[in-house]
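Report on the structure
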Amino acid sequence: MGIRFILMVNKQGQTRLAQYYEYLTLEERRALEGEIVRKCLARTEQQCSFVEHRNYKIVYRRYASLFFLVGVDNDENELAILEFIHLLVETMDRHFGNVCELDIMFHLDKAHFMLEEMVMNGCIVETSKSNILMPIQLMDKTS
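Since this is a predicted model, take the numbers as computed values, not measurements.

1. Considering helix α2 (residues 78-96)
With 19 residues, α2 should cover 27 Å at 1.5 Å per step; its first-to-last C-alpha distance of 27 Å lies within 8% of that length. Of all the residues in α2, the buried ones are I81, L82, F84, I85, L87, L88, V89, T91, M92 and F96. The N-terminus of α2 is capped by N77, whose side-chain oxygen sits 3.0 Å from the backbone nitrogen of L79.

Below you can see the structure in the form of structure tokens.
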């Protein structure tokens with residue numbers, strides 16, 4: 001398994017979306033998120049986007065007011081994960097039109113659905129934006 005968790009966090013450190021692909025108790029999740037968010041938000045723009053924490057490698061990227069953090073195994077390719085983050089943002093941009101924090105907050109179900117279309121059991125299974133967005137567009141048409 002490659003991806004262990006995906007977090008979307010604002011600049012104040014508030015988690016807006018969290019998706020885990022391994023079992024952690026609620027207390028473990030809170031502690032892990034707090035440690036990782038503090039560590040990543042404290043870094044400058046000149047520092048690289050890869051951080052090692054516990055037994056994870058954290059790959060993160062900031063887009064506007066949101067930080068996208070992905071926890072992966074230590075042997076995972078960091079550049080492939082950065083590309084995955086960019087694909088996720090481009091997919092959300094295509095659907096929401098320049099995605100922002102409010103889009104995630106008010107359409108959390110759609111954001112989770114996009115992630116579920118892209119990642120299954122910690123493995124990236126879909127990279128086509130059209131294929132990812134097709135079921136969401138169909139749901140929007142019927143409602």
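2. What about the sheet that holds strand β1 (residues 3-10)?
Sheet architecture is open: 5 strands sit in the order β2-β1-β5-β4-β3, paired in antiparallel fashion. Taken across any chain shown, the strands that pair with only one partner, and hence form the sheet edges, are β2 (15-20) and β3 (50-53). For this sheet, the mean inter-axis angle between neighbouring strands, taken without regard to orientation, is 20 degrees. Those strands touched by helix α1 (residues 26-41) are β1, β2, β3, β4 (56-63) and β5 (66-72), and its axis lies near 140 degrees from that of β3. The strands that helix α4 (residues 108-118) touches are β1 and β2; relative to β2, the one it contacts most, it runs at about 35 degrees.

3. Quick word on the pairing of β3
Burial of β3 is one-sided: the residues V51 and H53 facing one way are buried, the residues F50 and E52 facing the other way are not. Relative to β4, β3 runs antiparallel, the two being bridged by 4 bridges. Following the sheet pairing, E52 is matched in β4 by K57. Between β3 and β4, which pair antiparallel one after the other, the connecting turn spans 2 residues, and R54 there sits at a positive phi close to 50 degrees.

4. Re the side chain of E33
Note on placement: E33 falls in helix α1. Among all residues touching E33, those that are not within four sequence positions of it are L7, T15, A18 and Y20.

5. Side note on the packing of α2 against α4
In the contact formed by α2 and α4, the axes pass within 11 Å of each other and the chain directions differ by 135 degrees. With respect to each other, α2 and α4 are oriented oblique. At the point where α2 passes α4, the crossing takes the right-handed sense. Facing α2, whose interface residues are F84, L87, L88, T91, M92, H95 and F96, α4 presents K110, A111, M114, L115 and M118. A per-class count over the contact of α2 with α4 returns 9 nonpolar, 2 polar and 1 charged.

About the cut-offs
- Residues numbered from 1 in each chain as written.
- Predicted model: local features only at pLDDT ≥ 70, side-chain atom pairs only at ≥ 80, totals over all residues.
- Heavy atoms only, no water.
- Helix = DSSP H or I, 4+ residues; strand = E, 2+ residues; numbered from the N terminus.
- Expected span 1.5 Å × (residues − 1).
- Buried < 20%, exposed > 50% of the residue type's maximum accessible area, 1.4 Å probe, protein only.
- Polar contact = N/O pair within 3.5 Å; in protein donor to acceptor, adjacent residues only side chain to side chain.
- Pairing = 2+ DSSP bridges.
- Axes fitted to C-alpha atoms, helices over the stretch in contact; angles between N-to-C directions.
- Contact = heavy atoms within 4.5 Å.
- Parallel < 35°, antiparallel > 145°, perpendicular 65-115°, else oblique.
- Left-handed = near helix turned anticlockwise from the far one by under 90°.
- Nonpolar A, V, L, I, M, F, W, Y, C, P; charged D, E, K, R; others polar.

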